[in-house]
Amino acid sequence: MRIMKETIRVIGAPMDLGADRRGVDMGPSAMRYAGLADEFEALGISCLDDGNVLVPQTKQRKWITSGTTDDTKHLPEVAAMCERLEVAVAEAVEAGEFPLVLGGDHSIAMGTVGGLNQYDSLGIIWFDAHGDFNTPTTSPSGDIHGMSLAGILGEDEFADAGWAKASNVAAENVALIGARSVDDEEREALRESDITVYTMSDIDERGITDVVVDAIDVVTDGTDGVHVSLDLDWLDPTEAPGVGTPVQGGVSYREAHAAMEFLGRHIRQESDFCGLELVEVNPILDEQNRTAELAVELAASALGKQTL
Ligand SMILES: [Mn+2]
């Protein structure tokens, strides 16, 4: 049983260049405004907030788009930002703190995971409506937030480009939970990969707890650390309307809390729960900041909040 780290390091990653729609760059502000630090202090966990990693603003983009292509929009900016995030996350880990990264679109996961490179073997639970497993060739949009899991696992095209791959992550230690919107070629690639995918149908049939139990086995098998990447579009839009790319048919409020509470308690019995990121909160599409509030609540559930 590993001891929970006593200090959380909050790192904002206000990135929206990996997405088609503007707005998720305001996610870190919205989650801070929703009382993130107070929520953790109430749990007896001290919460250091280092502010945000530098991200070019949308309005600046006309001056910074050299190197972008239709297949990989804003790749140079996304890659540079991920390098900065990697440094911030690695500093937190070295200081013995728990990095909590606030997105931003899901492209930032490549930076977060890169910063967890002190772990020899890292498992990842990826909660998402989407596969995020496109490559520059298969992506219908060229938006990098739909390619970040493929980037982390070093799918061939990314490996050839020499960026993003995390050498300490094996596909067999990755669990994708909640998928319900996957592109055709992406589906083939996921089927051929060693990633364990739990679709919404699996959750319907087996129940969320059973799925999470299984996923914990996948991500802790031979690993010395587990990272949880939580895309808020995993939830149904009736619960989480303020997300970058909403898709009907997601998990309920109760299922989401059950999953977070369960994994928070049980990952630590098998491995080191070493990182959490909350991505794709879009305040422009939100209602009275409720999606950001939900993100904060779910993070607290994952990191130890219990009713009794
Ligand atoms: Mn995603």
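In this report, we go over the structure that sits alongside the text. (Residues numbered from 1 in each chain as written. Predicted model: local features only at pLDDT ≥ 70, side-chain atom pairs only at ≥ 80, totals over all residues. Heavy atoms only, no water.)

Some words on the pairing of strand 7 (residues 225-231)
So the rule is basically this: For every residue, the accessible area obtained with a 1.4 Å probe (protein chains only) is divided by the maximum for its type, and the residue is called buried under 20%, exposed over 50%, and partly exposed between those limits. In DSSP terms, a helix is any run of H or I states spanning at least four residues, a strand is any run of E spanning at least two, and both are numbered starting from the N terminus. Strand pairing is defined by DSSP finding a minimum of two bridges between the two strands. Handedness rule for crossovers: strands pointing away from the viewer, path from the first strand over the helix to the second running clockwise, crossover right-handed.
With 7 of 7 residues buried, strand 7 is to be regarded as a mostly interior element. The pairing of strand 4 (residues 122-127) with strand 7 spans 6 bridges and is classified as parallel. Paired with Trp 126 across the bridge in strand 7 is Ser 229. Pairing between strand 7 and strand 8 (residues 273-279): 6 bridges, direction parallel. Among the inter-strand pairings, Ser 229 is bridged to a residue of strand 8, identified as Glu 277. Tracing the backbone out of strand 7, into helix 10 (residues 253-270) and back to the parallel element strand 8 gives a crossover that is right-handed.

So, the environment of Met 200
Formally: Residue contacts follow a heavy-atom distance rule, with two residues in contact if any of their heavy atoms lie within 4.5 Å.
Tracing the backbone shows Met 200 in helix 8 (residues 200-206). The buried category is assigned to Met 200, whose relative accessible area is 9%. Sequence-wise, Met 200 and Ser 181 are 19 residues apart; in three dimensions their C-alpha atoms are separated by 9.9 Å. With near-sequence residues (within four places) excluded, Met 200 lies in contact with Gly 178, Ala 179, Arg 180, Gly 249, Gly 250 and Val 251.

A word on a negative patch on the surface
Applied cut-off: Exposure above 30% relative accessible area and the lack of any salt bridge qualify a residue for a patch; like charges then connect within 9 Å, and the nonpolar side chains Val, Leu, Ile, Met, Phe, Trp and Tyr within 5 Å. Accessibility throughout is a Shrake-Rupley quantity obtained with a 1.4 Å probe, and a residue counts as covered only by protein chains that appear here. Throughout this description, the term salt bridge denotes a Lys or Arg side-chain nitrogen within 4 Å of a carboxyl oxygen of Asp or Glu. A residue counts as positive if it is Lys or Arg and as negative if it is Asp or Glu; His and the chain ends are not included. Working definition for charges: the position is that of NZ of Lys, CZ of Arg, CG of Asp or CD of Glu.
The grouping of Glu 172, Asp 194, Asp 217, Asp 221 and Glu 270 at the surface amounts to a negative patch. Secondary-structure assignment places Asp 221 in the loop between helix 9 (208-220) and strand 7. Overall, the relative accessible area of 56% leaves Asp 221 in the exposed class.

Focus: the layout of surface pockets
Here is the rule we go by: Definitions used throughout: a 1 Å grid over protein atoms alone; a cavity as a set of points that fits a 1.4 Å probe which cannot get out; a pocket as an open set with protein on both sides within 12 Å along at least five of seven lines; a lining residue as one with an atom within 4 Å of a point. Grid points are joined across faces, edges and corners, and a volume is the space filled by probe spheres set on the points. Under the scheme applied here, ten amino acids are nonpolar (Ala, Val, Leu, Ile, Met, Phe, Trp, Tyr, Cys and Pro), four are charged (Asp, Glu, Lys and Arg), and all others, including Gly, are polar.
Approximately 390 Å³ is the volume found for the largest pocket. In this structure, the largest pocket is lined by 23 residues; those nearest its centre are His 130, Ser 141, His 145, Gly 146 and Thr 245. Looking at the lining of the largest pocket, its residues break down into 3 nonpolar, 10 polar and 10 charged. Space inside the second largest pocket adds up to approximately 180 Å³.

What about the packing of helix 9 against helix 10?
Threshold: Each axis is a line fitted through C-alpha atoms, and for a helix only the stretch in contact is used; angles between axes span 0 to 180 degrees, taken between their N-to-C directions. By convention, the crossing between two helices is left-handed when the near helix turns anticlockwise from the far helix through less than a right angle, and right-handed when the turn is clockwise.
Packing of helix 9 against helix 10 leaves a shortest axis separation of 9 Å and a crossing angle of 35°. Helix 9 and helix 10 meet at a crossing whose hand is right-handed. Between helix 9 and helix 10, the residues in contact are Ile 208, Thr 209, Val 212, Val 213, Ile 216 and Thr 220 and Glu 255, Ala 258, Ala 259, Phe 262, Leu 263, His 266, Ile 267 and Glu 270, respectively. Within the contact of helix 9 with helix 10, the residues separate by chemical class into 9 nonpolar, 3 polar and 2 charged.

With respect to the coordination of the manganese ion
Spelled out, the test is: Think of the donor list as every N, O and S atom within 2.8 Å of the metal, or within 3.2 Å for Na, K and Ca; water never makes the list, so a site can look incomplete.
Coordination of the manganese ion by the protein comes from His 106 (ND1), Asp 128 (OD), Asp 132 (OD) and Asp 231 (OD), over a distance range of 2.0 to 2.3 Å. Spacing between the donor residues of the manganese ion along their common chain follows H-x21-D-x3-D-x98-D. You can see His 106 sitting in the loop between strand 3 (98-103) and helix 4 (109-114) and its partner Asp 231 sitting in strand 7, a full 125 residues away along the chain. You can call His 106 buried: its relative accessible area is 0%. The exposure class of Asp 231 is buried, given its relative accessible area of 1%.

Regarding the packing of aromatic side chains
Defined as follows: Pairing of aromatic rings covers Phe, Tyr and the six-membered ring of Trp, with a centre-to-centre limit of 6.5 Å; geometry is then stacked below 30 degrees between planes, edge-to-face above 60, and tilted otherwise.
In this structure the tally under the stated criterion is 2 aromatic pairs. Geometrically, the ring pair formed by Phe 98 and Phe 273 is edge-to-face, given 5.3 Å between the ring centres and 80° between the ring planes. On the criterion of sequence distance, the pair formed by Phe 98 in strand 3 and Phe 273 in strand 8 is long-range, its members being 175 residues apart. Phe 273 sits in the buried class, given a relative accessible area of 2%. Pairing Phe 127 with Trp 234 gives two aromatic rings, centres 4.4 Å apart and planes at 45°, and the pair type is tilted. Pair noted here: Phe 127 is in strand 4 and Trp 234 is in the loop between strand 7 and helix 10, with a separation of 107 residues, a long-range link. Per residue, the accessibility class of Phe 127 equals that of Trp 234, and both read buried.

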